[in-house]
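Architecture and fold: a report
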Amino acid sequence: MALKVELFELPAHQFQVFWGASGSMWQSLWDRFLDIAGDNPLVLWTVGSYVYTSLVYWSIGLVYTLFDVSGRPAFLRRYKVQPGTNEPVDPGRLRAVIRQVLFNQFCTGVPLLFLMYYLLPVQTPATIRQLPTFVTVVWQLAVCVVIEEVLFYYSHRLLHDGRIYRYVHKRHHEWTAPIAITAMYAHPIENVLSNLLPIAVGVWTTGCHISVAWLWFTIAISNTLHVHSGYHLPLLPSPEQHDFHHLKFNQCYGVLGVLDWLHGTNEMFHRSKQSKRDYIMTTLEPVRETHPDQ
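Residues numbered from 1 in each chain as written. Predicted model: local features only at pLDDT ≥ 70, side-chain atom pairs only at ≥ 80, totals over all residues. Heavy atoms only, no water.

Naming follows an unreviewed UniProt entry, where the protein chain appears as Fatty acid hydroxylase domain-containing protein of Anopheles dirus. In its Subcellular location (unreviewed entry) section, UniProt records this for the protein chain: "Membrane". (UniProt positions renumbered as here; feature names shortened; annotations may be inferred.)

The structure is reproduced here in structure tokens:
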């Protein structure tokens, strides 16, 4: 009996040792970062978040943009969702996108970051320095994902209402074959209502640590860049649903697809060839070759 107990406790003990070491490693790295950047909560939540999210957006976005501008490496064309589009991307349209995105990031993003800071529980250098537990990170991210799905779906669908569409959301839909950095190419009202608030409300609701907020921002930003990229690449999120939305306008309003299923706003998509390609690729064979049009 004692032997059985020891055999059962051994893996649990080893996991606790491993997790404790891992936690210590992340805490040590976080402390080093704060020793350099400072632990002023206001500066980290505003300036820090602006710089960090801009770096995430443009580092990923510019890689995709280089693909679009140069057409190289040539083999990536096999992964195009809509072959023949943006090959190469029009320079004038590209400059207009960059100007609008930079405007949105600074003129709507920065004020919202200040608002986010003042709506959160009181922050101190001590609370900033103490990282949350793994379980806390997981449940807070889960809440953020659910809130984003709900707020993005309904705000996005509202923007497609015929009475306001041409005044606000039409700008984003100038691109029926989107490229990555068009993720934030939008009217400033749309950028606040449908891009920023669905992400920010989860942070307010959970009152999460800034490290969790930055992790959530990374997930949300990288996902929207991938699904707008026009490329369905191995091991990355499938862009098929959102690309279909840009192509057909009245389908696939959500992020996860749960509310589209509930409201029946993906029925046309599920009857399309694109739905058969809507999965994360685990091989190098392009989905258009696995599931050709004909």
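**Quick word on the pattern of salt bridges**
Taken as a whole and assessed by the stated rule, the structure comprises eight salt bridges. We note a salt bridge from Asp35 to Arg129, for which the minimum N-O separation is 2.9 Å. Here Arg129 lies in helix H4 (residues 125-129) and Asp35 lies in helix H1 (residues 2-37), a separation of 94 residues in the sequence. Here Arg129 falls in the partly exposed class, since its relative accessible area comes to 23%. Here Arg78 and Glu289 are joined by a salt bridge, their closest N and O atoms 3.0 Å apart. Note that Arg78 is positioned in the loop between helix H2 (41-70) and helix H3 (91-119) and Glu289 in helix H12 (residues 287-290), a separation of 211 residues in sequence. Accessibility expressed as a relative area gives 40% for Arg78, which makes it partly exposed. Judged by its relative accessible area of 41%, Glu289 falls in the partly exposed class. Here the salt bridges share partners, and the residues they tie into one network are Asp31, Asp35, Asp39 and Arg129. (Salt bridge = Lys/Arg side-chain N within 4 Å of Asp/Glu carboxyl O. Helix = DSSP H or I, 4+ residues; strand = E, 2+ residues; numbered from the N terminus. Buried < 20%, exposed > 50% of the residue type's maximum accessible area, 1.4 Å probe, protein only.)

**A word on the UniProt feature "domain: Fatty acid hydroxylase" (unreviewed entry) in the protein chain**
What UniProt calls "domain: Fatty acid hydroxylase" (unreviewed entry) maps, in this numbering, to residues 142-265. Annotation note: span residues 142-265, helix share 57%, strand share 0%, distance between end C-alpha atoms 24 Å.

**A short note on helix H7 (residues 210-228)**
For H7, which comprises 19 residues, the first-to-last C-alpha distance of 27 Å matches the rise-based estimate of 27 Å (1.5 Å per residue) to within 8%. Counting buried residues along H7, 14 of its 19 residues qualify, which places the element largely inside the surrounding structure. Of the residues trailing H7, Gly230 is marked for its positive phi of about 85 degrees. (Expected span 1.5 Å × (residues − 1).)

**Structural notes on the layout of surface pockets**
When its volume is computed, the largest pocket comes out at roughly 960 Å³. Surrounding the largest pocket, 45 residues form its lining, Glu148, Ile199, Ala220, Ile221 and Thr224 being those nearest its centre. Looking at the lining of the largest pocket, the elements with two or more residues in it are H2, H3, helix H5 (134-159), helix H6 (188-206), H7 and helix H8 (240-248). (1 Å grid on protein atoms, 1.4 Å probe; cavity = no way out; pocket = protein on both sides within 12 Å on 5 of 7 lines; lining within 4 Å. Points joined across faces, edges and corners; volume = space filled by probe spheres on them.)

**Considering the UniProt feature "transmembrane region" (unreviewed entry) in the protein chain**
Following the UniProt record, one finds the feature "transmembrane region" (unreviewed entry) at residues 42-67, 101-120 and 132-154. Helix makes up 91% of residues 132-154 and strand makes up 0%, while its end C-alpha atoms are separated by 31 Å.

**A short note on the environment of Tyr50**
Looking at where Tyr50 falls in the secondary structure, it is placed in helix H2. Taking the relative accessible area as the measure of exposure, Tyr50 reaches 25% and is therefore partly exposed. For the pair Tyr50 and Val110, spaced 60 residues apart in sequence, the C-alpha separation works out to 6.6 Å. Setting aside residues no more than four positions away along its own chain, Tyr50 makes contact with Gln105, Phe106, Val110 and Leu113. (Contact = heavy atoms within 4.5 Å.)

**Considerations on the side chain of Ser238**
In this fold, Ser238 is placed in the loop between H7 and H8. Looking at Ser238, its side chain comes within polar contact range of the side chain of Asp278, at 2.7 Å. Other than its neighbours up to four places away in sequence, Ser238 contacts Val227, His232, Arg277, Asp278, Tyr279 and Ile280. (Polar contact = N/O pair within 3.5 Å; in protein donor to acceptor, adjacent residues only side chain to side chain.)

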